[in-house]
4 protein chains.
Amino acid sequence: MTSTFGKNIVTTIFGESHGHGIGVVIDGLPAGQRIDLEELSAFLMRRAPGQSAYTTERKEQDEPVFLSGILDGVLTGSPLSAVIYNKDQRSKDYSNLRDMPRPSHADWNAHVKYKGHMDMRGGGPFSGRITAPLSIAGGIAKQILKSRGIYVGAHLAEVAGIPDTCWDKVHLTEEDLRIPGQKDFPTLSEDAAAEIKSAIQRARDEQNSVGGIIECAAIGLPQGLGSPNYGGVESRLSHVLFSVPAVRGVSFGTGFPATRMTGRDHNDEYQIVDGQVRTVTNHAGGVVGGITNGMPLIFQVAIKPTSSIGLPQQSFSIAEMVEKTLEVVGRHDPCIAVRAVPVIEAACALVLLDLMEDENGFRSNQK
Amino acid sequence: MTSTFGKNIVTTIFGESHGHGIGVVIDGLPAGQRIDLEELSAFLMRRAPGQSAYTTERKEQDEPVFLSGILDGVLTGSPLSAVIYNKDQRSKDYSNLRDMPRPSHADWNAHVKYKGHMDMRGGGPFSGRITAPLSIAGGIAKQILKSRGIYVGAHLAEVAGIPDTCWDKVHLTEEDLRIPGQKDFPTLSEDAAAEIKSAIQRARDEQNSVGGIIECAAIGLPQGLGSPNYGGVESRLSHVLFSVPAVRGVSFGTGFPATRMTGRDHNDEYQIVDGQVRTVTNHAGGVVGGITNGMPLIFQVAIKPTSSIGLPQQSFSIAEMVEKTLEVVGRHDPCIAVRAVPVIEAACALVLLDLMEDENGFRSNQK
Amino acid sequence: MTSTFGKNIVTTIFGESHGHGIGVVIDGLPAGQRIDLEELSAFLMRRAPGQSAYTTERKEQDEPVFLSGILDGVLTGSPLSAVIYNKDQRSKDYSNLRDMPRPSHADWNAHVKYKGHMDMRGGGPFSGRITAPLSIAGGIAKQILKSRGIYVGAHLAEVAGIPDTCWDKVHLTEEDLRIPGQKDFPTLSEDAAAEIKSAIQRARDEQNSVGGIIECAAIGLPQGLGSPNYGGVESRLSHVLFSVPAVRGVSFGTGFPATRMTGRDHNDEYQIVDGQVRTVTNHAGGVVGGITNGMPLIFQVAIKPTSSIGLPQQSFSIAEMVEKTLEVVGRHDPCIAVRAVPVIEAACALVLLDLMEDENGFRSNQK
Amino acid sequence: MTSTFGKNIVTTIFGESHGHGIGVVIDGLPAGQRIDLEELSAFLMRRAPGQSAYTTERKEQDEPVFLSGILDGVLTGSPLSAVIYNKDQRSKDYSNLRDMPRPSHADWNAHVKYKGHMDMRGGGPFSGRITAPLSIAGGIAKQILKSRGIYVGAHLAEVAGIPDTCWDKVHLTEEDLRIPGQKDFPTLSEDAAAEIKSAIQRARDEQNSVGGIIECAAIGLPQGLGSPNYGGVESRLSHVLFSVPAVRGVSFGTGFPATRMTGRDHNDEYQIVDGQVRTVTNHAGGVVGGITNGMPLIFQVAIKPTSSIGLPQQSFSIAEMVEKTLEVVGRHDPCIAVRAVPVIEAACALVLLDLMEDENGFRSNQK
């Protein structure tokens, strides 16, 4: 595998869904930074299962235990390491899956690639549970960014085709970004929330699932983060975003709909506002030539409908190599996009913090 | 910047649009592999400007000069280096741009990040011209993959909202992949080609531009390339794809529309065909859990409308910090997506070859 | 910091001497490989303190707890993670060090670099204790190499100027490599052991310390590991060897004395033995042009005398910025080179295993 | 191969001794920095062959042609690329080497690893000639460091067992570092120079060769560069130093002789000089715990006697697999250590500049 990413802030995750523990090591965090562990717990709760009727009923205890890198709530400069010990595993739920791969799950790929040795209970290292360590790292990154005036937030832009209201890509505020995380359901519009909840409930009742689109943004970024060629903001973000299970697409600014616009309509003309260079529109989503331009950074992430569904599906027996019908029993999220919202924020915050460290070097060089 | 990518096949590009030359170094290519230089030239011609009425009229001579790594058409095992010397530069075309940044171009970001020292004639290192070295590397990778039974191709899936016909995601053949590259216009359907050409001509006449979507695919890949966490096929591909100028989105399989499907409809059920495990559908686009599953690899790339347009736009004077109207004179592609088709193939081939080298290690380990 | 190394086998270590735990994550280990945990424990005991009169009297419990990557003694393919929980800390021993940096220790550097926030009890992340996680990883790598016919061993070539007998650089055997690890003291010669032990005891009695040289070797390596430029065996080994605290020099083959030889005497002439190409001598230490040549790999590591000594030394008060005399109370190794022997083996094994994975790729390419 | 190194300043080299050209790409250099190209040429002349009777008689024209990254002598921020075109090749000199590998050369390893496809004329990518591109990069790095008050220099500390005088490890000055580069022979002592020249002349007359030790130092470094674990100054330097052909050992500060000292004698006690913390001695060579401590950085590099000698040696025929006597005809350096002096400076400067970029980040974080 490749379980490490980042250039200046280097994050390594480990663990399998049903092993003894999952965890994260984060290298390069700034010594002396205070971390609010209650705020971190609250952030992790947004990802945790069992929080509402619209997610899985399993209750995981995602409380991280810190082994190094933090003393009395202050980062020491050593690699920070945190472990979440696995408790509520119910591995029997998945016992019949061993011989019959679940469609659109990694079961069959894992069997072939790891010659049948991978511990695939609960999805093994492919499980959405592995986003918990990423969220720990990202939650810490969010706090560090906040202390520098940079804010990250995300909401459900669409579920099952039902759209949430949109953010104003030009005038986005810290308050706007904070709202979805404070609600019991991460949309901007209450009406959209109600409609989406119904659609999810319907999918659950039918033992089916639905997908969605997450929109994520960051404000307060300096102009100049990222670079052309292979160090662009989009390259570095997408690399990590696509590591999140169920992500099938990533786009920036106006995204795929931009392909149906003309250059005149899509180009972001310049204006001078209070002596500052701003763009009139923000179709670029805050990044041009791989470099942040000081406007809000905005991107979208497509989340497929959860692959784990209760409905019968055609699979096959690995032992017998004949087609068979699979019926999965267990507790699943009928819409994984809901819990993925803070995970996308986490990935975004980690990449931005990593880019900021390059930026420091860049600024010092240039002056 | 970050001008190097890859783990086993390491590609480094260099050069500015109007400098003395642009080029590429590729490390890790297999010794003894024969490269057909005529086939490579033909591949590079697909990207070169001035080939048709639907691209810019500039004529670049993109013929690479090889400095090392190849002897009598056979790779030696040394890093292969190739340079394209710049000839037709006409830098005066861009002379009035120095003080007035072009909207949705990197001019202003480059000015701030590189303190005014960047050689931005012709777009400098942000120019689409920098995709020529990437195409050299990718053209070589394509040939190596072909010698291993792996084929890569791409077509214009949509331009200005006009769709091309679709590939059959399950039964895609080598012949299918070859067709768009052999035509004068890279679509599958002749009707679509005609309609798209008209739309591009109209944009040119209006001094405007249009965007499009490129669909790229690869067949013949073994099951098992890539890995979960940060080494997934999607992560590694998107990282390079987003480095191509004008790319605003990347999606796999069914892409963003997958978010409006239910799990039952989106899941790819298994079947046994001639003793081989295959999926009935291919919404996953050939990659599950970050790992290839042996089905065709399929992804989409959103290309924004060309930022360079002749219409007057609102910009500002850097020296005076006041808003001004900019009128860009020069020769531009009214639809950069056309010439980007082989570039996307190149990026895809390079990443797949890099993944194949991991694969070799994995296979040897496992047996 | 930079706590991760390796290209194919990626090792990440974490922890501070007196934190809650120290540990390691190893990514890329081959699925299906059986690990003998008792053999691993025996290997780790060679590094553990408190084993003999010639090392520190502290007793650490270095037993690793595995959180992921191994199931019933077999590697799963997931990143393997292991933690050693800290128990016997006695942090008061070091309490007076806070304001007075110990000469030739990292105390003062850590204070400045990490602005006083680093948890430096017991040496923090600079402690020799951090070699325990490296040893876990290396002990596993040693077993994997052994299963492929590759053997790694090391001995104390010299302590306090007292030389051990030499290995035959040309005819080195598995048995030769195994001997030092099976003894209570890691020399080849019993006489040397006795004399060295006396020298160490004398240093301890005088509250002083002594240094030494470790010689490490590997046999059974295929020809062709490594490469010229920046992927050479020497580059990759030295990078990790110099991360081991107290290492001040690394040399290969005949090492620094080679600089006093002539080319005629130093060159390793070829001979054909049983149809195999061998060299008559092995001044190169098994690596030429950065590439293994099939002869035994041999290198030397210089270990400085332990910096922690009981004798009074001139230091200064950070708070007052005036010179002061420091007297360190505590339990220290009078010769850290003794316990470093298995650590050097561990580092060697990890780097070789990483190189072997490149080799697999290379071999598959070439055929 | 692995032809790229560095984290923030990323250097890629390419080329074979007798190909069309060799070159270098350096990414991450600061925009706006002025480079004195005459000073760079003078630096490269120190490495160039044919400069004196004590090096090879071949005349290479090592004048670099810059393709990108520099405009009117000022760095633009783009990757800087430079090519040295090969002219004086005389490849016939080496024509009889094809079937008979030269002892202690990479010929045989290259044949096996690259299946006979490598262009090995003149040593191919294993040639000392490949240090020319590294020297271009390092010469630029030296100038950038100098503009920040950091000076790098090296001298021949010993050749054929004949020692040069020593640098004062504590009070080293810029002037001291500049001297060896300004002389026609890079020693500190004139007497040593005379004696060493005689020894080299004798080796040349006997068609033999001699080795030597290079001592390199840097002053003006801030405290705090580097880190524990795998980012230490020694790790990062040795990784690049061992890539220079003929290097067999690297040591820091007092080096291997430190292993025969006691802790009391080796420890560097602290003193306060003019309000600054300094050490009384500098056995550490300016780096403790992987981190610079503000004292002069000092290290030694062991260079083996040149492998290319005219004396008859035992080799074998690859085609026939029988032992044969080889007599190499051609022009060789009887002591490659002489020309390696500026190469070691170049490697040192590049690594230090790379570390400085980390440092910038660290400093900004901490304040």
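Coordinates for the structure precede this section.
Computed from a predicted model, the values in this text were never measured in an experiment.

(A) Inspection of the relation of the copies chain C and chain D at higher detail. For the pair chain C and chain D, the superposition axis carries a translation of 0.0 Å, the fit reaches an RMSD of 0.0 Å, and the rotation angle comes to 180 degrees. With respect to symmetry, the two chain copies, as superposed, fit the operation of a two-fold axis. A symmetric contact is evident, with 100% of the interface residues of chain C recurring at the interface of chain D.

(B) Quick peek at helix α5 (residues 190-205) of chain B. All names here are of chain B. Spanning 16 residues, α5 covers 23 Å between terminal C-alpha atoms, matching the ideal 22 Å at 1.5 Å per step. Of the positions making up α5, those classed as buried are Ala192, Ala193, Ile196, Lys197, Ala199, Ile200 and Ala203. End-on view of α5: buried residues confined to an arc of 165 degrees, all on one side of the axis. Facing away from the buried surface of α5 by more than 90 degrees, the exposed residues are Glu190, Asp191 and Asp205. Of the residues one or two after α5, glutamine 207 is the one with positive phi, at around 55 degrees.

(C) Summary view of the interface of chain C and chain D. On the chain D side, the residues contacting the 98 residues of chain C number 98 residues. Here chain C and chain D share an interface that buries about 8300 Å² over both sides, 56% of which is from carbon and sulfur atoms. For the chain C face of the interface with chain D, the top three residues by lost area are Tyr230(C), Arg248(C) and Tyr270(C), together amounting to 13%. On inspection of chain C and its partner chain D, the count reaches four salt bridges. Residue Arg248(D) is joined to Glu234(C) by a salt bridge in which the shortest nitrogen-to-oxygen separation is 2.7 Å. The tally of links from chain C across to chain D stands at 52 residue pairs in polar contact (both at pLDDT 80 or more).

(D) Summary view of the sheet that holds strand β7 (residues 80-85) of chain B. Residues and elements named next belong to chain B. Taken in spatial order, the five strands make up an open sheet running β1-β2-β3-β7-β4, and their pairing is antiparallel. One side of each edge strand has no neighbouring strand; the edge strands of this open sheet are β1 (4-5) and β4 (65-68). Strand direction decides the pairing type here: β1 and strand β2 (residues 10-14), joined by two bridges, are antiparallel. Considered in β2, the bridge of phenylalanine 5 is made with threonine 11. The sheet strands contacting helix α3 (residues 131-146) are β1, β2, β3 (21-27), β4 and β7, and the helix crosses β3 at an angle near 35 degrees.

(E) Up close: the nonpolar core. Ranked by internal contacts, the top residues of the largest apolar core, which has 156 residues, are Ile140(C), Phe299(C), Ile140(D) and Phe299(D). When sequence neighbours within four positions are dropped, the list of residues in contact with Ile140(C) reads Ile26(C), Leu29(C), Ile35(C), Leu40(C), Phe66(C) and Leu80(C).

(F) Structural view of the environment of Glu269(C). In this structure, Glu269(C) sits in the loop between α7 (263-266) and β12 (270-273). Among the residues examined, Glu269(C) registers a relative accessible area of 29% and is labelled partly exposed. Placed 16 residues apart in sequence, Glu269(C) and Gly285(C) show a C-alpha to C-alpha distance of 13 Å. Separated by 2.6 Å, the side chain of Glu269(C) and the backbone nitrogen of Gln314(D) make a polar contact.

(G) Region of the structure containing the side chain of Asn293(C). By secondary structure assignment, the location of Asn293(C) is in the loop between β15 (291-292) and β16 (297-303). For Asn293(C), a relative accessible area of 14% translates into the label buried. Within the local environment of Asn293(C), its side chain forms a polar contact with the backbone nitrogen of Met295(C), the two atoms lying 3.1 Å apart. Leaving out residues up to four positions away in the same chain, Asn293(C) has contacts with Gln223(C), Thr279(C), Gly286(C), Val287(C), Val288(C) and Asn109(D).

(H) Main features of unusual backbone geometry. Even without being glycine, Ala160(A) reaches a positive phi, approximately 50 degrees. For Ala160(A), the position within the fold is in the loop between β8 (151-159) and β9 (162-163). Judged by relative accessible area, Ala160(A) falls into the partly exposed class, the value being 30%. Positive phi is not limited to glycine here, since Asp274(C) has a value of about 55 degrees.

The rules we used
Residues numbered from 1 in each chain as written. Chains lettered and ligands numbered in written order. Predicted model: local features only at pLDDT ≥ 70, side-chain atom pairs only at ≥ 80, totals over all residues. Heavy atoms only, no water. Least-squares fit on C-alpha atoms with pLDDT ≥ 70 in both. Contact = heavy atoms within 4.5 Å. Helix = DSSP H or I, 4+ residues; strand = E, 2+ residues; numbered from the N terminus. Expected span 1.5 Å × (residues − 1). Buried < 20%, exposed > 50% of the residue type's maximum accessible area, 1.4 Å probe, protein only. Arc of directions from axis to C-beta. Buried area = accessible area lost by both parts, 1.4 Å probe. Salt bridge = Lys/Arg side-chain N within 4 Å of Asp/Glu carboxyl O. Polar contact = N/O pair within 3.5 Å; in protein donor to acceptor, adjacent residues only side chain to side chain. Pairing = 2+ DSSP bridges. Axes fitted to C-alpha atoms, helices over the stretch in contact; angles between N-to-C directions. Core = buried A, V, L, I, M, F, W, Y, C linked by side-chain atoms within 4.5 Å.

No statement about biological role is implied by the geometric values presented.
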